[in-house]
Each structure stands twice: as structure tokens, then as C-alpha cells.
Amino acid sequence: MNTTWATRRLTIYTFSVFLLVLACEAADYFFRTAGGDSRWASALTLMTACFSVTACLTVYFHATPLFDRRIGSYSKRMVNLMGAAGAVELLYLATDLHRFMTVPAANRSGAEWLLSLAALVYASGLLLLFLSPDRKDGASHRLLYFALPPIAASAAGLLFFLRLELPAAATRVVDLGLEISALGVAVAAVSLLFARYRRNNVKALWVAIQSLGLVVAAQILMLQAGTSSGVPFLLASGLHSLSYAILVSQGLRLAIAEPLRERREAEERIEFLAYNDDLTGLPNRRSLHAKLNSHFGKDHAGKTALMVLNINRFKTINDSLGYEAGDRLLGIVSELLQNHVEEPEEVFRTGGDEFAVVLPESGGEEAMNRAHALLEEFERPVNVGGMEHYIALSAGIAVYPEDGSAADGLLQSADAAVHLAKEQGSEVKRFSKGMTLNAREKLILESDLRKGLDRGEFYLEYQPKMSVENGRILGMEALVRWNHPKRGPVSPGEFIPLAEESGLIVPLGEWVLYEACRQNKEWQDKGYAPLCMSINLSIRQFRQIGLADQIEQMLEDIGLDPQYVELEITESMTVDKDAAFEQLKRFKQLGLHISIDDFGTGYSSLHYLKNMPIDRLKIDRSFVSEVMSGQSDAAIVSTIASMAHHLKLKVTAEGVENEEQLEFLRSQRCHEAQGFLFSRPVPAGRFERMFLREQKLG
């Protein structure tokens, strides 16, 4: 509803008022000229008064039970206003009914002034309703709510008895004053509310303007009417009723019915979300708990299998294609599961990329077969983000009561089984008791990892990088180690993946970066020949937006030249090509060296590789270890070395363990080698004694 349309409507209303006044004057003149009995008009006036009272008081008493908790402040004020106007209208109805039954010919000396008083209360109330600020309800507001209608009725009754004591001339002045006051307030209210409506375009304001417009018309007709039983007064009373009807049908719908409907819908939505997943619409983890506990509580409950399914590499899809594509994938998995479960099986989404299927009356073998059957439905490609993708799922099975006697225990067992399935690359795993122990040990180790960072239990070892050509040391790689206070040395292959999974790799990586650079600067300050320190970056570190600035500040604090730092990344970090290029470009601007670690085991595109701002390729140890016994590995190493030379990149071979491997690498013109042939990773003090005193190995 735009303001131009509203202005036209208001103009039409104003013009209609004048036409109505003229029509009423003409009708009244016709009846008086014809000498007709106007008592029928008085009877109809009583009917309109009955309608007004019914409209006002019905709303008031109907909304009163909702006062405390269901309707807002504006709605309460509107209902309050209807109660006050209805009380005055009720007094008018009682007075006019008595006069109609006892006085044969009604004159202007009746109770018409009560209609003007009701109009004055109504117009003033609407004006205050929309112009006064919204405030929270207190005890005084509640008291006023219930007391205002009796107060209005008492004031009208007091004025009624005061009029009886006044002379006729004074009474006419009072009546005229009320009519003019009601008209003036109604006109002012229409003007002010219309001005506010043009600014705010609130529907409730437009409803109030329409209602008050009818009050204005009614008051004009009352000023024109010569008798309370004539046609003009009848229409004036009818317009009063119509003004209330508009507010009841439209205003209270906006103020009470719509908010109550929205509240009810919100409550239903909250209730739905409490037991269902918003994205897929499936029952959620809470529903699963309720379902299992309800089933287990039955006396005849037999074996029940719980299947938990996880989407493999879901995080990679989220990171590479975006969260919208990830949500689409979850929807596809949800639809496929719902379409292929059989009664009485039921599907749940328990969070993230995890789903659960309850298999009533099923043991371990039946559940395993059912899991394989469901996973076969995911062997066809699906369209995600405009591309064809294959969805791989892993499943874990737990059976009631042997794997858990309650919902929590059974779900924990199934979770442990599916996590082991993902770690081992299996499709389906049945829970066994050892899985719980492994999961508990993993949780304890993660807790110890957090404590170890605070307690300084980590340290660095350094492995030299040697020249393949002459055997001189060219650099070193920093490798993190953990000396657990109870378990002793913990393998990096055990705690590094756990740090990656838990997010602790970020603070751990920051410590490694700082400590390695500090140690390198310390060696330089001792007068040793400057060497380049290689430091591994985790994928979480690499994706930090402010990493380059952080490294720049750290090197400035330590006082180390960036040319003596080499950052090692993996091919998987460059999946997002644009973001990776920007990060690498920033590293190069600082003067850092960059190498790709474990090259040949990832999925690098040669097209992107030629444009990537890198300095070195590190051939993975899995290829180097077999160069003398496997032609394929030798060919791969030769190809990587040749490609690197053409791209003007240096080549480092990892895992060199014997002279034959070193000689082969020399024939392929590899620049550097590192491995047990030269040295295992050693602590800083030993590394200093072995390699920093111009010792030559080869």
C-alpha cells in the first residue's frame, strides 16, 4: 500500500462525507415535508447502538484473558480503548432505550451527547495509542487496563446527572461543545496519523485513519441533525458503529489476531526444530534419543540395531565448492536414505554430515547386510554445484542390548564404529569393545595434547638437507616432537593427525614456526654460516588470512632475514587455486622460500604448477625408497626431476637411505637430499656439533 494510493483514498473519503451530508439533508427534508413518522429511524438507531456496544465490549472481554502473556502493549491499549468507548456506548444505549419506550416523540433533548462523548474518547484514545511510545507493562498498567472502562462509564454517568441540574440553554452549550470537541479531535487525529502513515507506511495507521474518517463524518451529521429521530442522526449512529467495525475487523486483526498467529507459528516452528533438522526435515538427535529410549522401555523390546553413517571427505566438498553445495549434498543424502529405507526403519540426521538409521528387530548380521544394501544406492554420481560427484559413505553398526543398554551408550558405540571405518577406509564396521577403549585413549591424548602445549612438552629436532653433488650441508628441516610425561616420546604419526582434527595444529604450528626461526637466528649469532630452515605448514595454518603478516612480524621480532626461511606446503593446500596463489604471492613478497612437500602423492595440476610462485619440489620418500627395485618409481623420480629442471625449480629427495639411491639421484641432477643416510632428525645441540662446524658428509 503506497502513500499516493492512500492520499487518493483519503480524498475520496472526504468527498464522500460531504455527499453523505447532502444526501441526509435531502432525505430528512423529504420526510419532514411528507409529514412521515420518524419513529422508525429511532428504532434503527437503537439497533446501531446495540451493534456498537456489542463490537466494543465483545472485543474487550474476549481479549482480557490474553492480557498477561499473549498480546503486546499496543494491542492491550487498543483493547483498553474499545472497553472505554463501549462503556459510554452502553450508557447511551440504556438511556436511549428508556427514552424510546417512554417518550412517544423523541426530541433533541435526548442522550445524543453520549455518542459525541464516546467519539471523543475513541478519537483521543487512537491518537494517544499511536503517538505515545511503547512501554513495558507494569502493575499500574494492568490496574488501568481493568479500571478504565468503569472510569469512563462513571465519568459519563456523572456528566449525565450534572446535565439534569443545568438550564436548557447551558445543556445545549454542553452538547454542542462535546460535538465540536469530538469533531475537532477526530480531524486532528486523522491529520496527524496520516502524516505519520506517509512516513512509516504502517498498515495499522491506515486502519485507524479509515475508522476516524467515519467518526468525522458521523460528527458532521450530528451537527446537521435537528432531531435525534431523524435520518441524519440515524446515519451518524450507523457511521459510529461502522468505525468500530473497521477497527474490530482490521485493526484488531493486525494487533491481536496476526501477532497471535505469528506467535503460534513461531511456537510450532520451535517445537518442530526441537525434534527435527531444519535443513533436511529429518528427525534430529533428540528425536533419536526419545525413539530409542521409548523402544527400549517396552517389555517386549528385542534386538535393535543402530546404523550411523558419515559422508567421507565432506569437509573437502564444503571447502572447495562452498557451504551451499555442502547443504545440497546433505539434502541429496537425506532424500536417498528416505527413499530406500524400509518399514519399520527410520532415518535421523544427528548433526553435521552424520545420519542414523534405526533397524528394529535386527541383529548384527542383518544390520551389516542392510548397511551394504544402502551404501550400494550411493554408487551412482549425483549433481552437486553443477558437477557430477560420487558420494562415499562409511557406516558403523551397534546392536541393543549387547553394545549399549540405553540410547546414549548405543549411539556412542555406533559413532566409535563409524569413525574406525573412516580411519581404515572401510565401508561398514560392527562395534567391538576395543573401539571404546581406542576412542577413550584418543580423547585422553587430545586432552594431554592441550596440556602439553601449555607445559612446554614439545621440542624440535632438525634433519640436514645435503647437496647431492658435493655432500655439503645446504639447510635443515625442523620437525616437532612430543615428550609425554607418562608415555614418553609420542610418534608424530599419532599426535599430528589428532592435532589437525582438533584444531590444535594452529597453536602448535605457530610455536614450531617461532622456535625454528629463533634457533636459526641463534646459530647465526654464534657465527655459523647462514642456512635455510624448512618448516612445515598445516592446511589450517595455510588458510589463515593474516598468516603472512604474522610471519613478517615474528621475523622482525626475532631479527631473522626471510631468505633463511622455507615454508613447506602440500599439494592438497592448493585445491582452492585463487586463495592459494594469493597466500603464496604474499609469502614471496616477504622474501620467503616455498616448497611443495611429498610431491607426487597429491593432485596438483601441471597447468597451475607452472604459474605457482614456488622454489622447490620435494619428492616423496615412497618413490625414493623403491628407485633401485621398481622401474615405475625410478621413472616417476626421473620425470619429476626433469619437469622441475624445465620449470627452473630445485629438487629435494626425501628418505635417502643408501649410496645407491644417492647415486641415482645424482644421475637425475637432484639438488638436495635428506634421509637416514646422512642423519636422523636430532636435537639442536647435537645438530650444531654434527653439521654446523663445516663438517662434510657424503
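Residues numbered from 1 in each chain as written. Predicted model: local features only at pLDDT ≥ 70, side-chain atom pairs only at ≥ 80, totals over all residues. Heavy atoms only, no water.

Here 5 strands make up an open sheet; going across it, the order is β2-β3-β1-β6-β7 and the pairing mixed. The open sheet is flanked by β2 (346–351) and β7 (428–430), the only strands paired with a single partner. Taking each pair of neighbouring strands and ignoring which way they run, the sheet shows an average axis angle of 25°. Bridge analysis of strand β6 (residues 393–400) against β7 gives 3 bridges, and the strand direction is parallel. Across the sheet, glycine 396 pairs through a bridge with lysine 429, a residue of β7. (Pairing = 2+ DSSP bridges. Helix = DSSP H or I, 4+ residues; strand = E, 2+ residues; numbered from the N terminus. Axes fitted to C-alpha atoms, helices over the stretch in contact; angles between N-to-C directions.)

Turning next to the packing of aromatic side chains. Tallying each qualifying case throughout the model produces 8 aromatic pairs. When the ring of tryptophan 482 is compared with that of phenylalanine 495, the centres are 5.7 Å apart and the planes differ by 85°; the resulting orientation is edge-to-face. Highlighted residues: tryptophan 482 in strand β9 (residues 473–484) and phenylalanine 495 in helix α15 (residues 492–502), separated in sequence by 13 residues. Among the aromatic residues, ring-to-ring pairing joins Tyr462, Trp523, Phe687 and Phe691 into one connected group. Just above the ring of phenylalanine 676 sits the side chain of arginine 680; from NZ or CZ to the centre is 4.0 Å. (Phe/Tyr/Trp six-rings, centres within 6.5 Å; stacked < 30°, edge-to-face > 60°. Lys NZ or Arg CZ within 6 Å of the ring centre and 35° of its normal.)

This part covers the pattern of salt bridges. Enumeration according to the criterion identifies 28 salt bridges in this entry. Measuring nitrogen to oxygen at the nearest pair gives 2.8 Å for the salt bridge that ties lysine 618 to glutamate 568. Of the two residues, lysine 618 sits in strand β14 (residues 616–619) while glutamate 568 sits in strand β12 (residues 565–570), which places them 50 residues apart along the sequence. Summarising the burial analysis for this pair, lysine 618 and glutamate 568 share the class buried. Shared partners join several salt bridges into a network, and the residues in it are Glu515, Arg518, Glu522, Lys526 and Glu688. (Salt bridge = Lys/Arg side-chain N within 4 Å of Asp/Glu carboxyl O. Buried < 20%, exposed > 50% of the residue type's maximum accessible area, 1.4 Å probe, protein only.)

Okay, the pairing of β12 next. Of all 6 residues in β12, 5 are buried, a share of seventy percent or more. As defined by bridge partners, strand β11 (residues 532–536) adjoins β12 across 4 bridges and the pair is classed as parallel. What sits directly across from serine 534, in β12, is glutamate 566. Examined bridge by bridge, β12 and strand β13 (residues 593–599) share 5 bridges and lie parallel to one another. Bridge pairing in β13 links leucine 567 to isoleucine 594.

Residue class for lysine 618 comes out buried when judged on its relative accessible area of 0%. There is a polar contact of 3.4 Å between the side chain of lysine 618 and the side chain of glutamate 654. Not counting the four nearest positions on each side in its chain, lysine 618 is found in contact with Glu477, Glu568, Ser595, Ile596, Asp597, Asp598, Phe599, Thr652, Glu654 and Gln674. (Polar contact = N/O pair within 3.5 Å; in protein donor to acceptor, adjacent residues only side chain to side chain. Contact = heavy atoms within 4.5 Å.)

Before going further, it helps to spend a moment on unusual backbone geometry. Residue proline 344 is reached from glutamate 343 by a cis peptide bond, and omega for that bond is 5°. By the secondary structure assignment, proline 344 is in the loop between α11 (323–340) and β2. Across the junction of tyrosine 400 and proline 401, the peptide omega takes the value 5°, indicating a cis bond. Counting through the fold element by element, proline 401 comes out in the loop between β6 and α13 (407–424). One non-glycine residue, lysine 648, adopts positive backbone phi at about 60°. Looking at the element boundaries, lysine 648 is found in the loop between α22 (631–646) and β15 (650–654). Exposure remark for lysine 648: the relative accessible area of 75% places this residue in the exposed category. Residue arginine 669 is not a glycine yet carries a positive backbone phi of 60°.

It is worth spelling out the environment of glycine 364 at this point. By the element assignment, glycine 364 lies in helix α12 (residues 364–376). Judged by its relative accessible area of 12%, glycine 364 falls in the buried class. It is 7.4 Å that separates the C-alpha atoms of glycine 364 and alanine 398, two residues lying 34 residues apart in sequence. Apart from residues lying up to four places away in sequence, glycine 364 is in contact with Val399 and Arg430.

The next point concerns the side chain of glutamine 463. Relative to the helices and strands, glutamine 463 resides in strand β8 (residues 458–467). Of the polar contacts made by the side chain of glutamine 463, one reaches the backbone oxygen of serine 679; its length is 3.1 Å. The residues touching glutamine 463, leaving out its near neighbours within four places in the chain, are Gly475, Met476, Glu477, Leu479, Gln674, Gly675, Phe676, Ser679, Arg680, Pro681 and Phe687.

This next bit is on the pairing of strand β3 (residues 354–360). When you tally the buried positions in β3, you get 7 out of 7 residues, the bulk of the element. Of the two faces of β3, the one carrying Glu354, Ala356, Val358 and Pro360 and the one carrying Phe355, Val357 and Leu359 are both buried. As paired elements, strand β1 (residues 304–311) and β3 share 7 bridges and run antiparallel to each other. Opposite leucine 309, over in β3, you have phenylalanine 355 as the bridge partner.

Moving on, we get to helix α16 (residues 505–525). An ideal rise of 1.5 Å per residue puts 30 Å on 21 residues; α16 measures up with 30 Å between its terminal C-alpha atoms. Downstream of α16 by a residue or two, glycine 527 has a phi angle that is positive, lying close to 100°. (Expected span 1.5 Å × (residues − 1).)

Attention shifts here to the packing of helix α6 (residues 168–200) against helix α7 (residues 203–224). It is at 9 Å that the axes of α6 and α7 come closest, and there the two elements cross at 155°. In terms of their interaxial angle, α6 and α7 are classed as roughly antiparallel. In the packing of α6 onto α7, the handedness of the crossing is left-handed. Grouping the amino acids of the contact of α6 with α7 by side-chain chemistry returns 21 nonpolar, 2 polar and 2 charged. (Parallel < 35°, antiparallel > 145°, perpendicular 65-115°, else oblique. Left-handed = near helix turned anticlockwise from the far one by under 90°. Nonpolar A, V, L, I, M, F, W, Y, C, P; charged D, E, K, R; others polar.)

Take the environment of leucine 617 next. Tracing the chain through its elements places leucine 617 in strand β14. Sequence spacing of leucine 617 and serine 595 is 22 residues, and the spatial spacing of their C-alpha atoms is 5.6 Å.

With that settled, the discussion passes to the nonpolar core. Ranked by internal contacts, the top residues of the largest apolar core, which has 78 residues, are Trp523, Phe587, Leu617 and Phe687. No other element matches α16, which puts 8 residues into this core. (Core = buried A, V, L, I, M, F, W, Y, C linked by side-chain atoms within 4.5 Å.)

Here the protein chain averages 77 in pLDDT, while 76% of its residues score no lower than 70. Between residues 105–109, whose pLDDT stays under 50, and residues either more than four places distant or in other chains, the model counts 12 contacts. (pLDDT = per-residue confidence, 0-100.)

By the secondary structure assignment, aspartate 615 is in the loop between α20 (606–609) and β14. Sequence-wise, aspartate 615 and leucine 649 are 34 residues apart; in three dimensions their C-alpha atoms are separated by 5.4 Å. Those residues within four positions of aspartate 615 in sequence are excluded, and the remaining contacts are Lys588, Leu592, His593, Ile594, Leu649 and Lys650.

This next bit is on the state of the cysteines. Two cysteines, two sulfur atoms, one covalent bond between them: this is a disulfide. All chains considered together, the criterion is met by 0 disulfides. Here cysteine 532 is not cross-linked by a disulfide; its sulfur's nearest cysteine counterpart is in cysteine 517, at 9.6 Å. (Disulfide = S-S within 2.5 Å.)

Our focus in this paragraph is α13. Look at α13: 26 Å from first C-alpha to last across 18 residues, which is about the 26 Å you get at 1.5 Å a residue. Of the positions making up α13, those classed as buried are Ala407, Leu410, Leu411, Ser413, Ala414, Asp415, Ala416, Ala417, Val418, Leu420 and Ala421. At the C-terminal side of α13, glycine 425 shows a positive phi close to 75°.

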